[in-house]
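Listed below, chain by chain, are the residues.
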Amino acid sequence: MNPKWFLFLFLLLSIKVISQVTLDDKKLEKRLISLQEITKTVGFSVAIIKEDKVIYSRGFGYKDLENKLKVDENTLFPIGSTSKAFTTALLGLMEEEKELNFNDSPKKYLPELEFYNDDLNNKVTILDMISHRTGLPRHDFSWYLFPTESKDSLLHRVKYHEPFTGMRETWYYNNFMYLAQGLIIEKLTGKSWEHNIRERFFKPLNMDSSNLTIKELESHDNISKGYSLENFISNKPMPYYNISAISPAGSINSSAKEMANWLKIWLNEGLYNNEQVLPKKYVEKAMNPLMLVGTGIADKQFPDQHLNSYGYAWFISSYKGHYRLEHGGNIDGFSANVAMFPNDKIGIVVLANQNGSLLPSLVRNAIADEILNLNRTDWVSYYSEKEAKYKLQLEEKKKSQKDSKVQNTKPSHSMAEYSGKYHHKGYGDFRIEVKNDSLWANFTREKAFLLHKHYDVFIPYLVKDNKVDLNEDLGFNFNFQTNDNGDIANVKLKLEPTIDALTFERRIEEVAVSKDTLNNYIGTYLLSGLEIQVYFKTERLMLFVPGQPEYSLTPIAESEFIIKGLSGYKVQFLQEHDVKSLVLHQPNGIFTAKMK
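None of these values were measured; they are calculated from a predicted model.

K.L.:
Could you clarify how one ought to interpret helix α8 (residues 176-189) in this entry?
P.N.:
Taking 1.5 Å as the rise per residue, α8 with 14 residues should run 20 Å; its terminal C-alpha atoms sit 20 Å apart, in good agreement. The element α8 is extensively covered by neighbouring structure, given that 12 of its 14 residues are classed as buried. Burial in α8 covers these residues: F176, M177, Y178, L179, A180, Q181, G182, L183, I184, I185, E186 and L188. Looking at the buried side of α8, the elements it contacts are α3 (84-97), α5 (126-130), α6 (141-144), α7 (151-156), α9 (193-202) and β11 (309-310). Of the residues one or two after α8, G190 is the one with positive phi, at around 70 degrees.

K.L.:
When you look at the side chain of N211 in this model, what are you seeing that I'm missing?
P.N.:
By the element assignment, N211 lies in the loop between α9 and α10 (214-218). The class of N211 is buried, set by a relative accessible area of 3%. Looking at N211, its side chain comes within polar contact range of the main-chain oxygen of S209, at 3.1 Å. In this structure the side chain of N211 is engaged in a polar contact, spanning 2.8 Å, whose partner is the side chain of N253. Among residues more than four places away in sequence, those in contact with N211 are L76, F202, E216, L217, H220, S251, I252 and N253.

K.L.:
Please explain the sheet that holds strand β3 (residues 69-70) as it appears in this structure.
P.N.:
To summarise the sheet geometry, strands pair through backbone hydrogen bonds and adopt either a parallel or an antiparallel arrangement. The strand order across the open sheet formed by 9 strands is β3-β2-β1-β15-β14-β13-β12-β11-β10, and the pairing between neighbours is antiparallel. Every interior strand has two partners, whereas the edge strands, β3 and β10 (291-292), have only one. Direction of pairing for strand β14 (residues 334-341) relative to strand β15 (residues 346-352): antiparallel, over a ladder of 7 bridges. Bridge assignment links M340 to a residue of β15, and that residue is G347.

K.L.:
Can you help me understand the pairing of strand β29 (residues 560-563) in this one?
P.N.:
Remember that side chains alternate between the two faces of the sheet whenever the strand is regular. Judged from the 4 bridges that link them, strand β28 (residues 551-557) and β29 form a sheet pairing that is antiparallel. By the bridge assignment, T554 is partnered in β29 with I562. A loop of 2 residues connects β28 with β29, the two strands running antiparallel in sequence. Inspection of the sheet shows β29 paired to strand β30 (residues 570-576) by 3 bridges, in the antiparallel sense. Along β30, the bridge assignment pairs E560 with Q572. In this structure, the hairpin formed by β29 and β30 is closed by a connection of 6 residues, where G565 is found at a positive phi of approximately 95 degrees.

How each quantity is defined
Residues numbered from 1 in each chain as written. Predicted model: local features only at pLDDT ≥ 70, side-chain atom pairs only at ≥ 80, totals over all residues. Heavy atoms only, no water. Helix = DSSP H or I, 4+ residues; strand = E, 2+ residues; numbered from the N terminus. Expected span 1.5 Å × (residues − 1). Buried < 20%, exposed > 50% of the residue type's maximum accessible area, 1.4 Å probe, protein only. Contact = heavy atoms within 4.5 Å. Polar contact = N/O pair within 3.5 Å; in protein donor to acceptor, adjacent residues only side chain to side chain. Pairing = 2+ DSSP bridges.

Structure (structure tokens):
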């Protein structure tokens, strides 16, 4: 062999050896298990990627605690918002194939999309939606408590979502803007967002088990249950959440092993097995920040983790001097983190079955410390300190709620008078019903017991397994308001911390009243010499006052009726001994007429 070729081959081999990463598996696993124990996580899985190879993958703990079934690297988990990078990547494909421009107005593709005001309608771009800089707060309860299977119906709610600041002034997370991206993709391709995800990513990346709905997830054998850590002590199973129409923001279910294939294209200029899955131009662009998040330093304990930003569905920062992209994911019972260090050609996937857990971020950091040979932070102690502070905050919150209660007050109305349907155009409908002399709020997917706090203010506590959980309220109060007649007219819910409480208007629902009872109200009533007639017409009870049109009466209780077409007017029939009366409630007063 030519000595020059031998020297060249030797240099190549040397470079390859230098680029390889060596992991002390036992040492790493000891660290990860200690994090699992301190966070009391039932189970999680990990995959580590170097360039285009998976160099480590493993499951820890249980996917099913009750039956002691273990997690492995192929166990499927809902990955929540780590799905967002898939949605924006589809737009990257549309940029190349359909001439989409990220600086376009979304209304170019979705003319039906309307925002709260003209400033948003005229100025918001697709890039603003991607980078969470529209000035809109989250409005998450709109899809979480009021889900729908219709993407178009859900998008229509955006028109009634109030912003809290000006455009491009502040970063603020918003899932609805990712719904809009999904719909843009559907308009450009003529195919559903779900079809595009399967065809453009799952299929070429050999993500054969990955799927997009709870129904598909449950059809697989190797899936994880979700869990909630109750009172920082014990884990309880948590039902899957059907994310419905908001799917482009976070509906993917996958495994650590298959998510590793997703990261490979980001570490290799969009290539997977020599196939260009993502345009190289888009990958290069999507590695860059678009909007600063907060003040730039997330944790003063780690000043070298600075310039925290958001880009194309990736959080971007410096981690101990290494350029990092990552995104977390949280959905009922599950937490996830997907991260990469592009300059180091390292990718990390962590999927866990604990609700709202810090474990994925802690495991990601511990792996990064190990694989990049950085100073090892004691993440167990770090978590212990965070947990202690959080417990203290919870105790202070409980004390504050107790101290703010005004003693010896009671509701201004009977329980029945709070019942009915309540509506907000940007959210939807929920009902309040009376049962066992208590109020219950029925949302699309949750039920809550309303515990009286003071005056007309009630605290909603979730109902789980047909039992009221007094340890978990919804995080806001029900503050009922009255109209000029003194009737319950609406309820105010503080669903967004950055804007005023939202008003849900009460829509009184018609109740069934027997024909015999209605017949009892028919007759002529005298009011200061004026004869008021009550009679039947086309199976409806009618009211006629001389000089006015006839009015239809809608029953809202057995003896109580609203007057159709007259807001704030109500008729009540009373009987005392043999005397029957008609009581007319109207904005300028209450008037009683005796039956003739």
